[in-house]
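Listed here are the chains, written in short residue letters.
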Amino acid sequence: MKTRELAYTGILAALIAVCSWISIPTAVPFTLQTFAVFLTLGLLGGRLGTLAVTVYLLLGPWDCPSLPASTAAWGPFWVPRAAIWWASFYRPHHVGAERWLGKSAPVFLGSAVVGQILCYLFGSVWYYAVYTSSAGPVGMFTVLGWCVFPFLLPDAVKLALAWLLSRRLAPALRISRR
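Because the structure is predicted, anything quoted here is derived from the model rather than measured.

Caption draft 1: Just the overall build of the protein chain, in detail. Assigned secondary structure in the protein chain consists of eight helices and two strands. For the protein chain, buried positions account for 43% of its 178 residues. Relative to all contacts within the protein chain whose residues are 6 or more apart in sequence, the contacts with residues 24 or more apart total 65%. If you sum the accessible surface of the protein chain, you get close to 9,100 Å²; carbon and sulfur atoms cover 74% of it.

Caption draft 2: Structural context of the confidence of the model for the protein chain. Across the protein chain, pLDDT averages 80, with 76% of residues at or above 70. Predicted confidence is poor over residues 70–74, with pLDDT under 50, and the contacts of this stretch with residues over four places away or in other chains come to 11 contacts.

Caption draft 3: Looking closely at the pattern of salt bridges. Under the defined criterion, the tally for this structure stands at two salt bridges. The closest approach of N and O atoms between Arg47 and Glu5, which form a salt bridge, is 4.0 Å. In this pair, Arg47 is assigned in helix α2 (residues 33–59) and Glu5 in helix α1 (residues 3–19), connecting sequence segments 42 residues apart. Relative accessible area serves as the criterion here: at 44%, Arg47 is assigned to the partly exposed category. Its salt-bridge partner being Asp155, residue Lys158 comes within 3.0 Å of it at the nearest N-O pair. Residue Lys158 and its partner Asp155 are both found in helix α8 (residues 152–173); the two are separated by three residues, about one turn of the helix. Like Asp155, Lys158 is buried.

Caption draft 4: Fine view of the side chain of Asp155. Its relative accessible area of 6% is what places Asp155 among the buried residues. Within polar-contact distance, the side chain of Asp155 engages the side chain of Lys158 at 3.0 Å. Those residues within four positions of Asp155 in sequence are excluded, and the remaining contacts are Thr34, Phe38, Gln116 and Tyr120.

Caption draft 5: Up close: α1. Counted at 1.5 Å a residue, the expected span for α1 with its 17 residues is 24 Å, and the 24 Å between its end C-alpha atoms agrees. Of all the residues in α1, the buried ones are Glu5, Tyr8, Thr9, Leu12, Ala13, Ile16, Ala17 and Cys19. Packed against the buried residues of α1 are β2 (30–31), α2 and α8.

Reading the values: rules and limits
- Residues numbered from 1 in each chain as written.
- Predicted model: local features only at pLDDT ≥ 70, side-chain atom pairs only at ≥ 80, totals over all residues.
- Heavy atoms only, no water.
- Helix = DSSP H or I, 4+ residues; strand = E, 2+ residues; numbered from the N terminus.
- Buried < 20%, exposed > 50% of the residue type's maximum accessible area, 1.4 Å probe, protein only.
- Contact = heavy atoms within 4.5 Å.
- Areas by Shrake-Rupley, 256 points an atom, 1.4 Å probe, with all protein chains shown as cover.
- pLDDT = per-residue confidence, 0-100.
- Salt bridge = Lys/Arg side-chain N within 4 Å of Asp/Glu carboxyl O.
- Polar contact = N/O pair within 3.5 Å; in protein donor to acceptor, adjacent residues only side chain to side chain.
- Expected span 1.5 Å × (residues − 1).

Here's what the structure looks like:
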């Protein structure tokens, strides 16, 4: 790994952590974490993007503020609100499809959508399991109404903006996506 790649990986892991704290106040508030993950993957590609997301995920247990409202240690990772945070790990693996299918826009966007669907799936199942064990039974459609439906449009906008921004920034930063 080159020094430039290592530096961009660290900077973008930090960007994900910062964006996870930025909340957009709408009817259902959302953070810019998804935007930062997609931007990271768009700039660095599957291999380094996955590394940056992994670094971000590993910051939480050591009292780094990567998980909003973090209390450090492993406690915050097992509550329902941590489900989507953990599910962030599923996004970069599917962007790695560029290795086999090329680095075109349809490949990035398609694989990012598949990764986001897996994120929704994993996060919803996790939320369902943790919520029902602590608060009682609830239907899966209700969980989807809490964890997925309100975020479909904002996540689509964040994906589109991250893709556009990554295409403009990569040449300026001299980032070679491998």
